[in-house]
Amino acid sequence: MNRESSNVSKTTFTSRVFSGIQPSGGLTLGNYLGAIKRFVAMQKPEFETIYCVVDLHALTVWQNPQELAHNSRELCAGFIAAGLDPNKSILIRQSQVPEHTQLAWIFNCIARVGWMQRMTQFKDKAGKNSQNASLGLFCYPALMAADILLYHATHVPVGDDQKQHLELTRDIASKFNHDYQIDFFPIAKPVIEGDATRIMSLRDGTKKMSKSEPSDMSRINLTDDADMIAHKIRKAKTDPEPLPMEIVGLENRPEALNLVQIYAALSDQSPEFVLQDVGGKTFSEFKKMLADLAIAELVPISTEMKRLMSDIGEIDHILCSGAEKARSIASPILQETYEIVGMT
Ligand code: AQP
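Quantities reported herein were computed from a predicted structural model and do not represent experimental measurements.

Draft legend 1. Geometry of unusual backbone geometry. Of note in this structure, His152 is not a glycine but carries a positive phi near 50 degrees. With phi around 50 degrees, Gln181 is a residue other than glycine that occupies positive phi space. The residue Gln181 is located in the loop between helix H8 (163–179) and strand S5 (189–191) in this model.

Here's what the structure looks like:
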């Protein structure tokens, strides 16, 4: 079947941005700098933007039901507090748009077991006992592909850790198009840009800052107050050397490099430029500057999140109206997919 001979209409791909964050804990500085800050930057007239609380993804590892419900709403509050405007972006909760899981099933039948077995995040999260991991964790990337392709999204802003899943999304789209001889799903472009694509733990500069890492001291949460932010930065692991004047001097100093990168991302400068300014300073001087900068940027967000969380009804209303708008885009695309595969 080719595009002309099929009865499926030709798809024109508008510039549409899709990305999501799991409500698997509270938002971290890594999520903010690696994802949300860039979501906000893409909220401009040339793009239609859809941002999702991916609660079904969170469920791939055990979640306490009350915490999952709370974290999902708090994540939506975080989106809005950080600058996503529900009048400019469609904000949704994945489980409220059933088309995501409907398309995911089709993609489970397109993707190959071997593809999933190669996913490093599955290996990391499943650990040594992968036989005991949930089936959801294993096929998570097919659901992620469905999240993106359900909207024919063309641009996907993510952190560096999602690169492999994005490549798999492209493989699924290509295989679908090839198997059905149709140019239906776009090959979405990963947008992995800037100096904050991988913010590391404050306790170990070789590990990614993560919301589910057991030590709270390893991360800055978007709900932390000014004292807590300053405390965590003061206690962040460093080394005894002063800061160098050039980035090459940081190659083998992961904790120091991480703090410089955080400073650079928060101040919208390059790490090279930051080092011209702070090179030669001791860590206690630099940490004070970093704490002031982080507090100035993050405390207004956490204050606004708290205010928004005092009216859960309003958050639910925003998500409900987002789901309606999202379904008006998703439903015809799912319908066309069903027609292509023969469910007519
Ligand atoms: N440390 C990070 N640096 C830069 N970007 C990051 N992201 C996450 N951590 C960092 C980006 O945030 C988006 C949402 O990620 P997610 O919550 O869906 O999943 P994740 O990458 O697995 O994030 P966590 O915090 O590590 O969650 P848990 O602990 O539950 O696994 C993505 O674009 C991600 O790249």
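Here the narrative resumes, following the displayed structure.
Draft legend 2. Representation of empty space enclosed by the protein within the structure. On inspection of all chains with the given rule, the structure shows one cavity of 30 Å³ or more. Every residue along the wall of the largest cavity is listed here: Met119, Gln121, Phe122, Lys125, Leu137, Tyr140, Pro141 and His165. When residues of the lining of the largest cavity are traced back to their parent elements, those giving at least two are helix H6 (120–126) and helix H7 (135–149). Of the residues contributing to the lining of the largest cavity, the split by class is five nonpolar, two polar and one charged.

Draft legend 3. Quick look at the layout of surface pockets. As a volume, the largest pocket reaches approximately 1,300 Å³. For the lining of the largest pocket, the secondary-structure elements that each account for two or more residues are strand S1 (16–21), helix H1 (29–41), helix H3 (65–81), H6, H7 and strand S4 (155–157). Residue contributions to the lining of the largest pocket peak at five residues, all from H1. Looking at the lining of the largest pocket residue by residue, the classes come out as 16 nonpolar, 23 polar and ten charged. In terms of lining residues, the second largest pocket is bounded by 17 residues, among which Leu33, Lys37, Arg38, Glu193 and Gly194 are the most central. For the lining of the second largest pocket, the element with the most residues is H1, which contributes four residues.

Draft legend 4. A look at the pattern of salt bridges. Scanning the model with the defined rule gives 17 salt bridges in all. For Glu255, the salt bridge identified is with Lys237, shortest N-O distance 3.6 Å. Here the residue Glu255 occupies a position in helix H10 (residues 254–266), and Lys237 occupies one in the loop between helix H9 (226–235) and H10, the gap between them amounting to 18 residues. Among the residues examined, Glu255 registers a relative accessible area of 12% and is labelled buried. Between Asp239 and Arg253 there is a salt bridge; the shortest N-O distance is 2.7 Å. Of this pair, Asp239 sits in the loop between H9 and H10 while Arg253 sits in the loop between H9 and H10; the two residues are 14 residues apart in sequence, bridging distant segments of the chain.

Draft legend 5. Representation of the site of the ligand in the model. Taken together, 23 residues are adjacent to the ligand, and Ser24, Asp161, Ser210, Lys211 and Ser212 come closest. Taking Ser24, its side chain carries an N or O atom lying 2.6 Å from an oxygen atom of the ligand. Contacts to the ligand include Ser212, whose side-chain N or O atom sits 2.3 Å from an oxygen atom. Relative to its unbound accessible area of 640 Å², the ligand is 97% covered by the protein chains. One can see that the ligand is located within the largest pocket. Broken down by secondary-structure element, the contributors of at least two residues to the shell around the ligand are S1, H1 and H6. The element contributing the most residues to the shell around the ligand is H1, with four residues. Its residues assigned to classes, the shell around the ligand comprises six nonpolar, twelve polar and five charged.

Draft legend 6. A look at the pairing of strand S2 (residues 48–53). For S2, a buried count of five out of six residues is recorded, marking the element as mostly surrounded by other parts of the structure. Strand direction decides the pairing type here: S1 and S2, joined by six bridges, are parallel. Bridging from a neighbouring strand, Phe18 pairs with Ile50 of S2. After leaving S1, the chain enters H1 and then returns to the sheet as S2, a path that is right-handed.

Draft legend 7. Local environment of the packing of helix H4 (residues 99–110) against H8. At a closest axis distance of 10 Å, the pairing of H4 and H8 adopts a crossing angle of 80 degrees. Here H8 runs roughly perpendicular to H4, going by the angle between their axes. Residues Ile106, Phe107 and Ile110 of H4 form the contact with H8, whose participating residues are Ile172, Lys175, Phe176 and Asp179. When the residues that make up the contact of H4 with H8 are grouped by side-chain class, the tally is five nonpolar, no polar and two charged.

Draft legend 8. Broad picture of H9. Three or more residues of H9 are buried, namely Ile229, Ala230, Lys232 and Ile233. The arc that holds the buried residues of H9, viewed along the axis, is 165 degrees, so those residues lie on one side. Among the exposed residues of H9, those oriented more than 90 degrees off its buried face are Asp227 and Arg234. Buried-residue contacts for H9 involve helix H12 (283–309).

Cut-off values and rules
Residue indices begin from 1 for each chain and proceed along its sequence in written order. Since the coordinates come from a predicted model, pLDDT governs what is reported: local features require at least 70, and pairs of side-chain atoms require 80 or more to be given and counted, while whole-chain, interface and lining totals use all residues. By convention in this description, side-chain values take in all heavy atoms of the structure and omit both hydrogens and water. Note on conventions: DSSP H or I runs of at least 4 residues are helices, E runs of at least 2 residues are strands, and numbering of each starts at the N terminus. Points on a 1 Å grid over protein atoms alone make up a cavity when a 1.4 Å probe fits among them but cannot get out, and a pocket when they form an open set with protein on both sides within 12 Å along at least five of seven lines; lining residues each have an atom within 4 Å of a point. Grid points are joined across faces, edges and corners, and a volume is the space filled by probe spheres set on the points. Side-chain classes follow a simple rule in which Ala, Val, Leu, Ile, Met, Phe, Trp, Tyr, Cys and Pro form the nonpolar group, Asp, Glu, Lys and Arg form the charged group, and the remainder, Gly included, forms the polar group. The salt bridge definition used is simple: a Lys or Arg side-chain nitrogen within 4 Å of an Asp or Glu carboxyl oxygen. Three labels apply to residues, based on accessible area from a 1.4 Å probe with only protein chains included: buried if under 20% of the type maximum, exposed if over 50%, partly exposed otherwise in between. Think of it this way: one heavy atom of a residue within 4 Å of a molecule or strand is enough to make that residue near it. Here a polar contact means two N or O atoms within 3.5 Å. Within protein one must be a hydrogen donor candidate and the other an acceptor candidate, and residues neighboring in sequence count only if both atoms are side-chain atoms. Only the protein chains shown count as cover for residues, and all accessible areas are computed by the Shrake-Rupley method using a 1.4 Å probe. Those molecules having more than half of their atoms within 2 Å of a cavity or pocket grid point set are described as sitting in that cavity or pocket. Two strands qualify as a pair provided DSSP detects at least 2 bridges between them. A clockwise path from the first strand over the helix to the second, with the strands pointing away from the viewer, defines a right-handed crossover. Lines are fitted to the C-alpha atoms to define the axes, a helix being fitted only along its stretch in contact, and any angle between axes, read from their N-to-C directions, falls within 0 to 180 degrees. To sort the angles, those under 35 degrees are grouped as roughly parallel, those over 145 as roughly antiparallel, those from 65 to 115 as roughly perpendicular, and the leftovers as oblique. Throughout, a contact is declared for two residues whenever any of their heavy atoms are within 4.5 Å. This arc corresponds to the set of directions leading from the helix axis out to the C-beta atoms.

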